[in-house]
Structure formats: structure tokens, C-alpha cells
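For reference, the chains in residue letters:
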Amino acid sequence: MQAKEVVDAVTMKRALTRITYEIIERNKGVQDIVLVGIKTRGIYIAQRIAERLKQLEHVEVPVGELDITLYRDDVNESALNEPELHSSDIPFSLEGKEVILVDDVLFTGRTIRAAMDAVMDLGRPRKISLAVLVDRGHRELPIRSDYVGKNIPTSMTEEIIVEMEELDGQDRIMISKEEK
């Protein structure tokens, strides 16, 4: 597979800053907002948004980590028999809060559906919103993002690869095409 960089570190930072400003504007501040990052890269994106919110609004927005492994509907039977469990870490109440789910790439919508199920099992938020770094299209479920860093239309044979400094040593978004 040949991968081509489509977003560099500077552009990624701008996209995250744009998401942050949109969150502030749409919510008229950040009161009662909590960010919940979907493992793995969604957590780092949520932490970066929270950091930027603190710089701009001088308020610490709580950040939680959500593992949706057991909520997925697209895992094979052997994975269900021996699921690799990661832990969710949400050390605050979701009751009455606006939960903003954060993920790196929105594709079919199945990950987000699973994340909403997991959140509802943890409490009853006032509202659930979605922030994604990349929306690549191809929805299988009626799910859309409220906050989008970049729209990158793809074909079904392409893959979006998000690399983040915390995990991969650099920030960038690449697109790769499956070779036949």
C-alpha cells in the first residue's frame, strides 16, 4: 500500500483549533461539557481540545477515555469469545452533561453507535455530540458529526491513517489506496 500525506502537522493543529472554537461558539462557553475520547487516537484528540479550551476559556473541561470493544457489532465470533479488554476511564458523572464524543475518523458510523451505547450505560447525559478529526464519508448508519476538522472524501478502497505525536511520533493524516 502506498500512503500519501494529505494533512501535515500544522494543518492538523488548525483543524483541532477550529473544532475547539466551534465547541465554544455553539455551547456559548464550556459549562457542563465533558469530552470523551474513543480509544485510541480519540483520547489524544480530546486531550488536545481540552488543553486548547483551557487556554481560551480558562476552564478545565473533564476528559474521559472510552473503550467500545464490547459494544461493537462488527467483531468476529472469536473476538467475542476472548475480547481484548481495554478499560474505559471516565472519572466523572455524565448525568445532565453535554458529552462530546471525540474520535479520529468517522467512516461507517458503527464505532459511534457503539460509543453512544457505552455512554448511555454509564449515565444519562443531557446531550451527546460528536467531534471528529476526519470525516471520510461512506455512512452505514444515520450518524453525522457536529464538529469536523477535515472532510476527506475517499473511495471504499482507500484508507485514512491518522498519526499522532503521542503514539506515532508525528502528527499527520495520510490516505492509502489498496493495491490489487
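Residues numbered from 1 in each chain as written. Predicted model: local features only at pLDDT ≥ 70, side-chain atom pairs only at ≥ 80, totals over all residues. Heavy atoms only, no water.

An unreviewed UniProt entry lists the protein chain under the name Bifunctional protein PyrR, with Enterococcus rivorum as the source organism. The record in UniProt for the protein chain states the following under Sequence similarities (unreviewed entry): "Belongs to the purine/pyrimidine phosphoribosyltransferase family. PyrR subfamily." Entered under Subunit (unreviewed entry) in the UniProt record, the comment concerning the protein chain runs "Homodimer and homohexamer; in equilibrium." (UniProt positions renumbered as here; feature names shortened; annotations may be inferred.)

Help me understand the overall build of the protein chain in this model?
A tally of regular secondary structure across the protein chain gives five helices and eight strands. Along the chain direction, N to C, the helices and strands of the protein chain fall in the order β-α-β-α-β-α-β-α-β-β-β-α-β. For 180 residues, the compact-globule estimate of 2.2 N^0.38 gives 16 Å, and the protein chain sits close to it at 16 Å. If one aligns the C-alpha atoms of the protein chain with their principal axes, the spans along those axes are about 50 × 40 × 30 Å. When each of the 180 residues of the protein chain is scored for burial, the buried share is 41%. Across the protein chain, the fraction of contacts at a sequence separation of at least 24, relative to all contacts at a separation of at least 6, is 70%. Accessible surface for the protein chain amounts to roughly 9800 Å². Of this, 46% is attributable to carbon and sulfur atoms. (Helix = DSSP H or I, 4+ residues; strand = E, 2+ residues; numbered from the N terminus. Rg over C-alpha atoms; globule rule 2.2 N^0.38 Å. Buried < 20%, exposed > 50% of the residue type's maximum accessible area, 1.4 Å probe, protein only. Contact = heavy atoms within 4.5 Å. Areas by Shrake-Rupley, 256 points an atom, 1.4 Å probe, with all protein chains shown as cover.)

Where do I start with the nonpolar core in this structure?
Considering soluble globular proteins, one finds that nonpolar side chains tend to be buried as a cluster. Ranked by internal contacts, the top residues of the largest apolar core, which has 29 residues, are Leu 35, Ile 49, Leu 133 and Ile 173. Ile 90, Val 99, Leu 106 and Leu 130 belong to the second largest nonpolar core, which has 20 residues in total. (Core = buried A, V, L, I, M, F, W, Y, C linked by side-chain atoms within 4.5 Å.)

Just checking my understanding: could you explain the packing of aromatic side chains for this structure?
Between two aromatic rings, the relevant description is the distance of the centres plus the angle of the planes. The tally for this structure, following the rule as stated, stands at zero aromatic pairs. Looking at Arg 136, its charged tip hangs above the ring of Phe 107, at a distance of 3.8 Å from the centre. (Phe/Tyr/Trp six-rings, centres within 6.5 Å; stacked < 30°, edge-to-face > 60°. Lys NZ or Arg CZ within 6 Å of the ring centre and 35° of its normal.)

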